[in-house]
Amino acid sequence: MQAMREKTYVPYLFLFPALFGIIVFKLLPIFQGLNESLYSPTFLQGEKIFVALDNYVTLLKDPVFWNSVKVTLLMNVVINPLQIGLALLLALLLNIQLKGIGFFRSIHFIPIAVSQPIACVLWALLLNQEQGIVNSILVALGLPAQPFLGSSEQALWVIIAISTWRGVGYWSVFLLAGLQEIPGSLYEAAAIDGAGRWERFKNVTFPMLKRPLIFVTVTDTVINFLMFSPMYILTKGGPENSTNVLMNESFNSAFQYSDLGRASAIVMMLLVLILIIIAAQFKLLKPKH
Amino acid sequence: MKSTSKWLLYTIHLVLLVIVFFPLIFALVSSFRPVDDIFRYVSPISWRTFIPTDFTWEAYTNLFALRGYGPIVVNTFFIALTTVLFSVIFNSMAAFAFAKFTFKGSEILFGLVIFSFMIPFEVISIPLYSLMNGIGWIDSYYGLIIPGIANGLVIFLYRQFFMDLPMSLIEAARLEGASWWKIYLGIIMPLCKPVTISAALLTFIFQWESFMWPLIVTRSEKYRVIQVAISMFTTEHATAWNEMFAATIIAVIVPVILILLFQRYFVQGVANSGSKEG
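Residue positions are given per chain, counting from 1 as you read along its sequence in written order. Working convention: letters from A go to chains and numbers from 1 go to ligands, in the order in which they are written. Given that the model is predicted, a residue must reach a pLDDT of at least 70 before its local features are reported, and side-chain atom pairs must reach 80 or more before they are shown or counted; all residues, however, enter totals for whole chains, interfaces and linings.

1. Some thoughts on the overall build of chain B
Per the convention used, a helix needs a DSSP run of H or I reaching at least four residues, while a strand needs a run of E reaching at least two, with both numbered from the N terminus. When its secondary structure is counted, chain B shows 16 helices and 0 strands. Note that the radius of gyration is over C-alpha atoms, with the globule rule given as 2.2 Å times the number of residues to the power 0.38. Over its C-alpha atoms chain B spans a radius of gyration of 24 Å, topping by over 25% the 19 Å that the globule rule assigns to 278 residues. Dimensions along the principal axes, computed over C-alpha positions, put chain B at roughly 75 × 65 × 35 Å. With C-beta atoms placed from the backbone, a residue counts as buried when 20 or more other C-beta atoms lie within 10 Å of its own, as exposed when 12 or fewer do, and as partly exposed for counts between those limits. Residues counted as buried form 42% of the 278 residues belonging to chain B. At a minimum sequence separation of 6, the contacts of chain B that also span at least 24 residues come to 78%. Contact between two residues is assigned when their C-beta atoms, built from the backbone, lie within 7 Å.

2. Topic: the interface of chain B and chain A
Taken together, the contact pairs 70 residues of chain B with 72 residues of chain A. Elements supplying a minimum of two residues to the side of chain B that touches chain A: helix H1 (3-31), helix H5 (69-100), helix H6 (106-116), helix H7 (121-135), helix H9 (152-163), helix H14 (226-236), helix H15 (241-261) and helix H16 (263-274) of chain B. Of all the elements, H15(B) adds the most residues to the side of chain B that touches chain A, at 10 residues. Residue polarity follows a fixed list, in which Ala, Val, Leu, Ile, Met, Phe, Trp, Tyr, Cys and Pro are nonpolar, Asp, Glu, Lys and Arg are charged, and the others, Gly among them, are polar. Taken together, the residues of the side of chain B that touches chain A sort by class into 51 nonpolar, 15 polar and 4 charged.

3. A few points about H7(B)
At Pro127(B), H7(B) is deflected by roughly 35 degrees, the largest bend along its length. Those residues of H7(B) that sit buried are Glu122(B), Val123(B), Ile124(B), Ser125(B), Ile126(B), Pro127(B), Leu128(B), Tyr129(B) and Met132(B). Residues of H7(B) that are buried sit in contact with helix H1 (10-36), helix H12 (246-255) and helix H13 (260-285) of chain A together with helix H8 (141-145) and helix H13 (212-217) of chain B. A positive backbone phi angle near 85 degrees is found at Gly136(B), which sits one or two residues after H7(B). Take the seven residues that end at a residue and the seven that start at it, fit an axis to each, and the angle between those axes is the bend at that residue.

4. Some remarks on H9(B)
Because an α-helix completes one turn every 3.6 residues, residues spaced three or four positions apart along the sequence face the same direction. Residues and elements named next belong to chain B. The span you would expect from a helix comes to 1.5 Å times its residue count less one. In a regular helix each residue adds 1.5 Å, so 12 residues correspond to 16 Å; H9 covers 16 Å between its end C-alpha atoms and thus fits that length. Across the 12 residues of H9, 10 count as buried, placing the element largely inside the fold. Buried within H9 we find Gly 152, Leu 153, Val 154, Ile 155, Phe 156, Leu 157, Tyr 158, Arg 159, Phe 161 and Phe 162.

5. A closer look at unusual backbone geometry
All names here are of chain A. Note that the residue after Gly 238, namely Pro 239, is joined by a cis bond; omega there is -15 degrees. Here Pro 239 shows up in the loop between helix H11 (229-235) and H12. In this structure, Phe 148 is a non-glycine residue whose phi angle is positive, near 50 degrees. Here Phe 148 lies in the loop between helix H6 (133-140) and helix H7 (155-180). Overall, Phe 148 belongs to the buried group, with 21 C-beta atoms counted inside 10 Å. One non-glycine residue with positive phi stands out, namely Asn 241, at about 60 degrees. Tracing the backbone through its elements, the reader meets Asn 241 in the loop between H11 and H12.

6. A look at the environment of Leu185(B)
By the secondary structure assignment, Leu185(B) is in helix H11 (residues 180-191). Note: C-alpha distance between Leu185(B) and Asp139(B) (46 residues apart in sequence) is 34 Å.

7. A closer look at the domain arrangement of chain B
Residue and element names in this part refer to chain B. What counts as a domain boundary in this text is fixed by an automatic or database domain assignment. What the domain assignment lists for chain B is domain 1 (1-64) and domain 2 (67-274). Each of domain 1 and domain 2 has a C-alpha centre, and these two points are 33 Å apart. Taken residue by residue, the interface counts 14 residues in domain 1 and 13 residues in domain 2. Contributions of two or more residues to the side of domain 1 that touches domain 2 are made by H1, helix H2 (35-41) and helix H4 (58-65). A class-by-class count of the residues in the side of domain 1 that touches domain 2 yields 10 nonpolar, 3 polar and 1 charged.

As structure tokens, then:
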């Protein structure tokens with residue numbers, strides 16, 4: 001099939017509006033951020049001076065920054081396997097034919113309609129220490145009431161739980177679509193070979209599901225490393241900086257302390273951290289040759 | 001299937017249903033209570049905790065009459081719908097060029113498109129803020145809408161579909177003397193309604209749910225959108241719980257209806273966007 005070749009300027013006209021937007025609003029800012037990270041604000045309004053890598057050096061010596069690195073890593077070590085594992089289990093469950101399965105599948109679309117900020121506001125009311133329904137239920141069951149977001153030991157776990165509540169349904173959409181593309185004949189062949197349930201999962205389902213699984217793993221990891229709104233809405237990074245992830249620290253640097261240089265340097269280091277982790281995930285999940 | 005394992009499956013489904021729905025049903029129920037009742041019946045637990053005895057629309061009327069939710073909802077709709085309109089036009093045009101023309105630089109440019117939608121928004125939000133500040137688009141509809149229009153994902157979805165359209169369709173129209181613009185508008189676009197629905201739906205939900213960008217790029221109440229308004233509620237009117245529940249219901253009900261109504265297109269759009277990796 002021969003694609004069109006006549007007037008050479010025609011495709012560029014069709015491309016122009018979207019490509020202009022992508023270059024100016026998506027790609028240029030990356031370089032601008034890199035550039036911004038090399039400057040520091042001065043006492044004069046709107047003035048900034050070139051400081052080379054000073055912002056990075058200062059960060060590496062800053063215990064607040066290292067605490068944020070620790071919190072970000074701790075959260076991600078838990079949240080990513082948790083969400084991806086549950087999404088896989090949910091997709092497998094929703095793939096089992098059952099009367100009324102269409103209805104059960106639809107249910108899990110509902111949390112997708114609940115944005116991260118809304119989920120946070122809603123759960124904050126339910127988990128309120130004095131007036132929340134969850135503590136009422138705990139007390140009714142004879143259990144002690146919990147401080148939840150008010151405690152530096154629980155806040156991060158509560159945030160993980162809230163975003164898992166709204167995230168799992170979304171990620172399972174990708175995995176369920178992948179499961180449905182696996183031809184039934186593969187399972188029949190495996191059954192003839194006498195493969196058990198676990199062997200069928202290991203030898204048929206899992207390899208066939210690799211593509212959507214890699215996609216979900218990488219995308220979910222990126223999103224969680226950059227998570228910001230729960231901290232902004234629920235804890236402002238507290239109590240005692242226990243939920244002060246890197247993105248929150250960056251936001252505060254930019255909009256509380258007007259230090260765009262520090263904020264950009266944090267984002268750039270976060271970006272490097274994410275790239276390393278994605279590379280490792282690819283290495284782990286990609287089929288071996 | 002054995003009936004025991006069948007009942008086990010139904011039990012699991014029901015437990016999940018409760019986990020998903022509990023917060024939302026509780027919010028819905030509480031939004032129809034007078035504010036005092038919420039605190040009165042929450043503890044100890046009784047049937048009154050879950051069923052409003054004095055049903056009232058007070059929370060909703062308060063939101064619209066006192067808290068300015070009328071303009072907030074209109075703003076959010078306006079921003080989302082305008083983005084959808086321009087996004088569908090501009091991105092499908094670009095996809096048409098990528099799918100049906102051979103031209104210099106097409107591979108590099110398409111690479112840029114793919115790269116652009118792997119860059120999460122949060123990474124560019126702060127430099128983008130500086131850029132908007134430079135142009136003078138802070139606190140304006142331009143700042144809220146324009147950066148969201150060009151979208152690599154939407155280009156990708158359209159391109160997938162256009163690639164499968166037979167070239168003969170276009171060649172025939174060319175022989176009859178139709179212009180490229182006419183081919184795009186009169187032949188190609190009417191054929192790809194399913195993609196348009198998927199793309200429009202994903203774009204609408206993305207804009208309806210966006211929080212960090214409106215928070216950064218706007219200051220005045222005039223441009224407030226629903227996600228930002230609700231997050232501010234927690235500090236401004238911390239005790240009006242019935243109104244908070246009502247506000248979350250308003251914010252959730254719009255995408256819920258759209259997703260359930262266009263479920264098929266939603267799943268298609270999501271699944272296709274997931275198949276890009278490989």
